[in-house]
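Structural overview for review
Letter by letter, the chains look like this.
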Amino acid sequence: MDTKQMIDEINRLKKEKNAIILAHNYQIPEVQEIADLVGDSFRLSQEAAATEKDVIVFCGVHFMAESAKILSPTKKVLLPVIDAGCPMADMVTADDLRKFKEENPEVPIVTYVNSSAEVKAYSDICCTSSNALKVVQSMDAKKILFAPDRNLSHWISLQVPDKEIIKWNGFCITHERVTPDEVDEVRAKFPGVRLLAHPECNPAVVVKADFVGSTAQIIEFARNASDESFIIGTEMGILHTLRNQNPNKKFHLLSPSLICYNMKKTSLADVYNALLNDVNVIEIDETIRLKAYTALKRMLEI
Ligand code: CIZ
Ligand code: SF4
């Protein structure tokens, strides 16, 4: 089958199965092009939940498909490549959090959505990179555990000096690779061009950025600013949306290492195969799902 035939087949199966295809901002361009919605993981899960579709094909990594299932328990959720995982999400387990709670019963746990359903179930509240600050600010507790991303928690802790944020020692292996020297090099190459960086980058990089935000916030910033060009400090997949939405602006990737191999595992053939054979159906134990849902719902109430 050539690419054109495969795209036609995906569209045919999508109608036949009443499916919606979601693609994360970090997916390869071909997959973003075939998707009904492209965006950040939580927004995609929310929008899919609001549809009448029977099947959700989530082109992303495992925890994202789980989030979709948490919000859409009656829909069938498919992850086209079952071993597309997120190393950061794997850096904290439900057992870790259970132990932490036993030892620190008075410390609430805020968990970034980049985490498994089981980890979310052990958390008091979830957050995304867009709303992490609001979530932390809304809490009465002075001492909070933030898991699993130490870089995002560092960025938040700078903005809430009245709180003690205990940082779990997890990180994104992709964003963590960027060095402050690379920032200096790219700035020397493109003087005066503003750097928009994701808070998953190391604090030594984040401190050098002109704007720090989630993928959705970076996309919004680039759309609204009148700058002719930007340096982008997040995973390269986002360049596709940025360039499509802003044909007259230039986008330079901060570092060639900003590529997440797990996000790049999903091809058009995998999307086709998932739809054709209903493979890699995401299931979550209902007790865990309900607890994880509670942590996500608390976030939405803020
Ligand atoms: O939750 C997401 O979608 C991720 C990984 C990042 C972001 O900033 O949107
Ligand atoms: Fe996980 Fe980082 Fe890849 Fe996102 S970019 S899926 S946080 S490893």
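Use the structure listed above.
Report on the accompanying structure. Keep in mind that this is a model prediction, so the values were computed, not measured.

Brief notes about the nonpolar core
Core analysis: the biggest nonpolar cluster contains 49 residues, and Val110, Phe146 and Leu296 have the highest contact counts within it. At six residues, helix H4 (residues 62-71) tops the list of elements feeding residues into this core. Residues contacting Leu296, with those up to four places away along its chain left out, are Phe42, Ile70, Leu71, Val113, Lys120 and Cys126. Counting residues in each nonpolar core, the second largest holds 19 residues, with Ala19, Ala23, Tyr272 and Ala274 among its members.

Observations regarding the pairing of strand S8 (residues 164-167)
Looking at chain direction, strand S7 (residues 143-147) and S8 are connected through four bridges and run parallel. Each residue of the ladder has a partner; that of Phe146, found in S8, is Lys167. The parallel pair S7 and S8, bridged by helix H8 (residues 150-159), forms a crossover whose chirality is right-handed.

Some remarks on the packing of aromatic side chains
Applying the stated criterion to the full structure yields three aromatic pairs. With a centroid separation of 4.4 Å and an interplanar angle of 25 degrees, the aromatic rings of Phe211 and Phe221 are classed as stacked. With Phe211 in strand S10 (residues 211-212) and Phe221 in helix H11 (residues 215-224), this pair connects stretches of sequence that are ten residues apart. In textbook terms, an aromatic cluster arises when at least three aromatic residues are bridged by ring pairs, as seen for Phe211, Phe221, Phe230 and Phe251.

Side note on the sheet that holds S8
Within the open sheet, the four strands sit side by side as S6-S5-S7-S8. Their pairing is parallel. Each edge of the open sheet carries a strand with a single partner, namely strand S6 (125-127) and S8. Across the sheet, the mean angle separating the axes of adjacent strands is 30 degrees when strand polarity is ignored. Against the sheet, helix H5 (residues 94-103) touches strand S5 (109-112), S7 and S8, its axis set at about 160 degrees to S5. On top of the sheet, H8 reaches S5, S7 and S8; it is set at about 170 degrees to S8, its chief contact.

Some words on the pairing of strand S12 (residues 250-253)
Of the pairings in the sheet, the one linking strand S11 (residues 229-233) to S12 comprises four bridges and is parallel in character. The residue of S12 that forms the bridge with Ile232 is Leu253. Between the parallel pair S11 and S12, the chain is carried across by helix H12 (residues 238-245), and the sense of this crossover is right-handed.

Let's talk about the sheet that holds strand S2 (residues 37-39)
Read across the sheet, four strands follow the order S2-S1-S3-S4 without closing on themselves; strand pairing throughout is parallel. At either margin of the open sheet sits one strand with a lone partner, and together these are S2 and strand S4 (76-78). Neighbour-to-neighbour, the strand axes of the sheet open up by a mean angle of 20 degrees, direction not taken into account. Examined bridge by bridge, strand S3 (residues 55-59) and S4 share three bridges and lie parallel to one another. Bridge assignment links Val57 to a residue of S4, and that residue is Leu78. Of the strands in this sheet, strand S1 (19-24), S2 and S3 touch helix H3 (residues 41-49), which is tilted by about 170 degrees from S1. Strands S1, S3 and S4 of the sheet are contacted by H4, whose axis makes an angle of about 155 degrees with S3.

How each quantity is defined
- Residues numbered from 1 in each chain as written.
- Chains lettered and ligands numbered in written order.
- Predicted model: local features only at pLDDT ≥ 70, side-chain atom pairs only at ≥ 80, totals over all residues.
- Heavy atoms only, no water.
- Core = buried A, V, L, I, M, F, W, Y, C linked by side-chain atoms within 4.5 Å.
- Buried < 20%, exposed > 50% of the residue type's maximum accessible area, 1.4 Å probe, protein only.
- Helix = DSSP H or I, 4+ residues; strand = E, 2+ residues; numbered from the N terminus.
- Contact = heavy atoms within 4.5 Å.
- Pairing = 2+ DSSP bridges.
- Right-handed = clockwise from strand over helix to strand, strands pointing away.
- Phe/Tyr/Trp six-rings, centres within 6.5 Å; stacked < 30°, edge-to-face > 60°.
- Axes fitted to C-alpha atoms, helices over the stretch in contact; angles between N-to-C directions.

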